[in-house]
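Okay, here's what each chain looks like letter by letter:
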Amino acid sequence: MLLSELKVGESGRVTSINNQSEIKIRLNNIGVTEGVVVTVVRVAPFSDPVEIKLRDFYLALRKNAAQKITVEKL
Amino acid sequence: MSITVALIGNPNCGKTTLFNLLTGTYQKTGNWTGVTTEKKAGVYRKDKRVNVVDLPGLYSLNAKSDDERAVLAYLKETPPDVIVNVVDGTNLERNLYLTCELSELNIPTVIAVNMYDDLNKNGIKLNSEKLAAVFGVDAVPVSALKNLNVDKLMSVAASTKKRLTAPDLKKEKGNTKSEKRYAFIERHVNGIIKKKQTRAEKFTQKADDVLTHRVFGIPIFFCVITLVYFLSMKIGGAVGEVISELFSSLADITDVFLKSYAVPEWLISLVCNAIIKSTGTVVSFLPQILVLFALMAIIEESGYASRVAFIMDRFFRSFGLSGKSLIPMIVSCGCTVSGLMATRTIENKSERRMTIFLAPFMPCGAKTAVFGWFSYSFFNGSAIVAASMYFLGIICTAVFGKILKRFKAFSSNDGAFILEMPTLRLPSLKDVFFVLWEKIKDFTGKAGMIVFIVSVALWILQNFGFAGYVYGNVEKSFLFATGNALKFFFYPLGFGNWQASVSVLTGILAKEAVVETMRFVSADPASLFYNSFSVYAFMAFVLLSPPCAASIAAAKQELKSGKWLFFMLGFQLIAAYSVALAINLTGILFERNFGLILSAIIVIIIALMTFIFIKAVRKDGCGSCTACNRGRNRCQKKGKRFTT
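Cut-offs used in this document
Residues numbered from 1 in each chain as written. Chains lettered and ligands numbered in written order. Predicted model: local features only at pLDDT ≥ 70, side-chain atom pairs only at ≥ 80, totals over all residues. Heavy atoms only, no water. Axes fitted to C-alpha atoms, helices over the stretch in contact; angles between N-to-C directions. Helix = DSSP H or I, 4+ residues; strand = E, 2+ residues; numbered from the N terminus. Parallel < 35°, antiparallel > 145°, perpendicular 65-115°, else oblique. Left-handed = near helix turned anticlockwise from the far one by under 90°. Contact = heavy atoms within 4.5 Å. Nonpolar A, V, L, I, M, F, W, Y, C, P; charged D, E, K, R; others polar. Pairing = 2+ DSSP bridges. Core = buried A, V, L, I, M, F, W, Y, C linked by side-chain atoms within 4.5 Å. Buried < 20%, exposed > 50% of the residue type's maximum accessible area, 1.4 Å probe, protein only. Patch = residues over 30% accessible without salt bridge, like charges linked within 9 Å, V, L, I, M, F, W, Y side chains within 5 Å. Areas by Shrake-Rupley, 256 points an atom, 1.4 Å probe, with all protein chains shown as cover. Salt bridge = Lys/Arg side-chain N within 4 Å of Asp/Glu carboxyl O. Lys, Arg positive; Asp, Glu negative; His and termini not counted. Charge placed at Lys NZ, Arg CZ, Asp CG, Glu CD. pLDDT = per-residue confidence, 0-100. Buried area = accessible area lost by both parts, 1.4 Å probe. Phe/Tyr/Trp six-rings, centres within 6.5 Å; stacked < 30°, edge-to-face > 60°. Lys NZ or Arg CZ within 6 Å of the ring centre and 35° of its normal. Polar contact = N/O pair within 3.5 Å; in protein donor to acceptor, adjacent residues only side chain to side chain.

1. Overview of the packing of helix H9 (residues 217–260) of chain B against helix H11 (residues 304–317) of chain B
Think of two packed helices as two axes; the pair is described by the angle between the axes and how far apart they sit.
Residue and element names in this part refer to chain B.
(1) Moving on: Running from N to C, H9 and H11 point in directions that differ by 130°, and their axes come no closer than 10 Å. What the angle tells us is that H9 and H11 run oblique. Along this stretch, H9 crosses H11, giving a crossing that reads as left-handed. Together, Gly217, Ile218, Ile220, Phe221, Phe222 and Val224 of H9 and Tyr304, Val308, Ile311 and Met312 of H11 make up the contact between the two elements.
(2) Moving on: Tallied by class, the residues present in the contact of H9 with H11 amount to nine nonpolar, one polar and no charged.

Below, the structure is given as structure tokens:
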């Protein structure tokens, strides 16, 4: 499933990030890599962007970026 | 012999606080990702032979954003003698990623583990020997905020020859280099630090449940911003009035004093009218802007700004802006120059450009003063008329945002919106004070200089003409000639006379000058307008037309392109003209006179001009791919060439 489909409070392990996007490099650099566990902490009004927790810090991503990340729900 | 020490680290790792502590030269520090976008240098105050350079906060050296490119270029071209790699101890895993990248540079390095006080307070054990062993350099736990171990850090940095050992990535899991680096860090980080949620983090989560609440988040933000404006208008406005009166009496006293020494009349007029009164205008804005900036600094330093960007992003995106556009817009209500500089945190190029185009629509401090005077002089001091300018600014931002978004140049999707939500911290008074100090220097320096120059220039233009010195005979002055040439342009807007034209013109140099000019060139400003619609059209034109010279210069610097600056000025002129025209036409419709036909012709001409302008922008790449944004001259999709 996609990261954007996780509900608030749910966690998932990243299995892949859409390769063709320039976003992938940025996400990789900031720690969103294959295998990392992310938890959806909260969503903004209108359900976009999404705030996730990973590697001990908090990150907001737009839905279009979250849709490029495939996770396996934990 | 002197050495250069460069501070490198992630945004929000406390790097700039450390820089301030080391050098004593204060500059902006912030919890808002990427506040330091320029390289800043200073001298270590305890050892003058040590130069300290503060580099922009970044997550990686991957050379994608402007900041990353700038830092990499700096490190390659003029390598510092020592790198102090500042890492946030409460967020070690991600911070050490940059450390891995730095190992490829082969420059002597020390790792400074910041927030040591936070670790101690929460009983988190840090094994800095282990960290030192993993990377092969010294690791010093420090606290920039509490001044812990900072001297020790500097003495180690001054003498170290140790270089980072590049992690052996061959055996690590992962497809890309960055994944392997993270795998390497994951294996070691548990031996270095025992992870635990800090108290500050728990508090942040509780506070964020309220501040970014799906229903209450936005109303809370509106309350905060209303309070900010209320305080700055009330406190700042009251002090400003006193200052304004002081300067006015100073001008009177000087006038009497100079007359008693038989100083020539023109010199008295230059000193009293042009210099003292215009200085007074600038200084009287200062308290208002100071209070505004102090409160804005608190919002930024505390980390609330990131929350606001988070809750407003979706809403702003529908106008082609970003959640990160909001802070520049709010700052623009104080001063457009600072607002434009605040756009640097927006990573998406088209959203950043859009913010630069639209932020000047906000009524800045100087425009607010102009509207105050107009509503006082023409609308019986109606507060609604003055306040309506704010709404007009906001409506125009939304409407023109929608229009601009239709252009491919403003709808590119490059650059991910990546917004770190840093731990909320109580801003230290010291930090806020130094941010303010920067702002005062900025405002009085830039704005003050420009108002001063404009006032003197205006005085010269008013008192000199083709016949030489024409004091008291304004119809022979250069100013009259300029206004006369321009007045036809403004005729459709309802203020086609030389006095109003000249006022608009000086407004493009500095908005403060609009009222000054109008009062100077006309004994009865009411005679310049034929109805209240044309007054309102004039106000709208002042609101939307290109901002003062200082912000045009700032826009040039931020857009980094003369071509884009030209488009921006053209766009703002067209926006101002069409809105003012619409307002005036509404007035004419109400009066049903023959000007209607004339105006219709003019509308068609304007529409044609706009169309041509649009064509000119379109030429700049079709937007079906991002090749043009990457500086290539052949479109990937259509294979067409275009001029770059």
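Picking up where we left off.
2. Re the sheet that holds strand E1 (residues 3–9) of chain B
All names here are of chain B.
(1) Moving on: One open sheet accounts for six strands, arranged E2-E3-E1-E4-E5-E6; its pairing is mixed. What marks the edges here is a single partner per strand, and that holds for strand E2 (40–43) and strand E6 (138–141). The average undirected angle you get between the axes of adjacent strands in this sheet is 25°.
(2) Moving on: Pairing of strand E4 (residues 82–88) with strand E5 (residues 109–114) involves six bridges; the strand directions are parallel. If you follow Val84 over to E5, its bridge partner there is Val110.
(3) Moving on: Helix-sheet contacts for helix H5 (residues 128–135) involve E5 and E6, and the interaxial angle to E6 is about 150°.
(4) Moving on: Packing of helix H6 (residues 150–159) onto the sheet brings it into contact with E1, strand E3 (50–54), E4, E5 and E6, and relative to E5 it is tilted by some 165°.

3. Quick word on the packing of helix H16 (residues 383–405) of chain B against helix H23 (residues 562–591) of chain B
Residue and element names in this part refer to chain B.
(1) Moving on: Two elements in contact, H16 and H23, have axes separated by 12 Å at closest approach and are oriented at 125°. With respect to H23, the axis of H16 lies oblique. Where H16 crosses over H23, the handedness of that crossing is right-handed. Where H16 abuts H23, its residues Cys396, Phe400 and Leu404 lie against Phe571, Ala575, Ser578 and Val579.

4. Topic: the nonpolar core
All names here are of chain B.
(1) Moving on: The biggest cluster of nonpolar side chains holds 102 residues, and the ones touching the most others in it are Phe495 and Phe538.
(2) Moving on: Leave out the neighbours within four places in its chain, and Phe495 touches Phe490, Ala500, Ser501, Val504, Leu528, Phe529, Ser534, Ala537, Phe538 and Phe541.
(3) Moving on: The next biggest cluster of nonpolar side chains, apart from the first, holds 39 residues, and it includes Ile8, Leu131, Ala132 and Ile193.

5. Description of a positive patch on the surface
Residue and element names in this part refer to chain B.
(1) Moving on: A cluster of basic residues, Lys196, Arg199, Lys202 and Lys206, forms a positive patch at the surface.
(2) Moving on: Looking at the element boundaries, Lys202 is found in helix H8 (residues 199–211).
(3) Moving on: Exposure remark for Lys202: the relative accessible area of 43% places this residue in the partly exposed category.

6. Concerning the confidence of the model for chain B
Residue and element names in this part refer to chain B.
(1) Moving on: Confidence in the prediction of chain B, expressed as mean pLDDT, is 82, and 88% of residues score 70 or more.
(2) Moving on: Counting contacts from residues 28–36, a segment whose pLDDT is below 50, to residues more than four positions away or on other chains yields 46 contacts.
(3) Moving on: Predicted complex metrics record ipTM = 0.95 and pTM = 0.78.

7. With respect to a nonpolar patch on the surface
(1) Moving on: Where nonpolar side chains cluster on the molecular surface, the patch consists of Phe391, Ile394, Ile395, Val399 and Ile403 of chain B and spans about 470 Å² of accessible area.
(2) Moving on: Structurally, Ile395 of chain B can be placed in helix H16.

8. Quick notes on the sheet that holds strand E2 (residues 37–43) of chain A
(1) Moving on: Read from one edge to the other, the open sheet built from six strands follows the order E5(A)-E1(A)-E2(A)-E3(A)-E4(A)-E7(B), with strand pairing classed as antiparallel. Two strands in the sheet have a free side with no partner beyond their single neighbour: strand E5 (69–73) of chain A together with strand E7 (418–420) of chain B. If you compare each strand with its neighbour and ignore which way they point, the axes differ by 40° on average.
(2) Moving on: For strand E1 (residues 11–17) of chain A and E2 of chain A, the ladder comprises three bridges, and the chain directions are antiparallel. Among the inter-strand pairings, Gly12 of chain A is bridged to a residue of E2 of chain A, identified as Val38 of chain A.
(3) Moving on: On the sheet, H8 of chain B packs against E2, strand E3 (50–54) and strand E4 (57–61) of chain A and is oriented at approximately 40° with respect to E2 of chain A.
(4) Moving on: Against the sheet, H11 of chain B contacts E2, E3 and E4 of chain A together with E7 of chain B, and its axis sits at roughly 140° relative to E7 of chain B.

9. Thoughts on the interface of chain B and chain A
(1) Moving on: In this assembly, 47 residues from chain B lie in contact with 32 residues from chain A.
(2) Moving on: Among the residues of chain B in contact with chain A, Arg214, Phe310 and Ile418 of chain B are the three that bury the most area, contributing 18% of the side total.
(3) Moving on: Applying the counting criterion to the chain B and chain A interface returns eight salt bridges.
(4) Moving on: Of the charged contacts, one joins Arg317 of chain B and Asp48 of chain A as a salt bridge, the two residues approaching to 2.9 Å between their closest N and O atoms.

10. Looking at the packing of aromatic side chains
(1) Moving on: Under the defined criterion, the tally for this structure stands at 30 aromatic pairs over all chains.
(2) Moving on: Judged by centre distance (6.3 Å) and plane angle (75°), the rings of Phe374 of chain B and Phe529 of chain B are edge-to-face. With Phe374 of chain B in helix H15 (residues 365–378) and Phe529 of chain B in the loop between helix H20 (513–521) and helix H21 (532–544), the pair connects residues that are 155 residues apart, well separated along the chain. Assigned by exposure class, Phe374 of chain B and Phe529 of chain B land together as buried.
(3) Moving on: Aromatic side chains Trp564 of chain B and Phe567 of chain B sit 5.6 Å apart centroid to centroid with 80° between the ring planes, which places their arrangement in the edge-to-face category. In this pair, Trp564 of chain B and Phe567 of chain B are both assigned in helix H23, three residues apart and thus about one turn of the helix distant.
(4) Moving on: Look at Trp564 of chain B and you get buried, because its relative accessible area is 7%.
(5) Moving on: Aromatic ring contacts, followed pair by pair, group Trp373, Phe374, Phe378, Phe489, Phe490, Phe495, Phe529, Phe538, Phe541 and Tyr577 of chain B into a single cluster.
(6) Moving on: Here the basic side chain of Arg94 of chain B rests over the ring of Phe57 of chain A, its NZ or CZ set 4.3 Å away from the ring centre.
(7) Moving on: Positioned above the aromatic ring of Trp564 of chain B, the side-chain terminus of Arg353 of chain B is 4.0 Å from the ring centre.

11. Examining unusual backbone geometry
(1) Moving on: Each neighbour pair has its own omega, and for Asp48 of chain A with Pro49 of chain A the value is 0°, a cis peptide bond.
(2) Moving on: With phi around 55°, Ala262 of chain B is a residue other than glycine that occupies positive phi space.
(3) Moving on: Assignment of secondary structure puts Ala262 of chain B in the loop between H9 and helix H10 (265–302).
(4) Moving on: Overall, Ala262 of chain B belongs to the exposed group, its relative accessible area being 64%.
(5) Moving on: A positive phi angle, close to 55°, is found at Lys560 of chain B, a residue other than glycine.
(6) Moving on: In this fold, Lys560 of chain B is placed in the loop between helix H22 (549–559) and H23.
(7) Moving on: According to the relative accessible area criterion, Lys560 of chain B is exposed, its value standing at 58%.

12. Brief notes about the side chain of Ser561 of chain B
Residues and elements named next belong to chain B.
(1) Moving on: Turning to its location among the elements, Ser561 is positioned in the loop between H22 and H23.
(2) Moving on: Residue class for Ser561 comes out buried when judged on its relative accessible area of 16%.
(3) Moving on: There is a polar contact of 3.2 Å between the side chain of Ser561 and the backbone nitrogen of Lys563.

13. Quick notes on the pairing of E2 of chain B
Residues and elements named next belong to chain B.
(1) Moving on: Taken together, the four bridges between E2 and E3 define a ladder with antiparallel strand orientation. Along E3, the bridge assignment pairs Lys40 with Asp54.
(2) Moving on: Between E2 and E3, which follow one another and run antiparallel, lie six residues.

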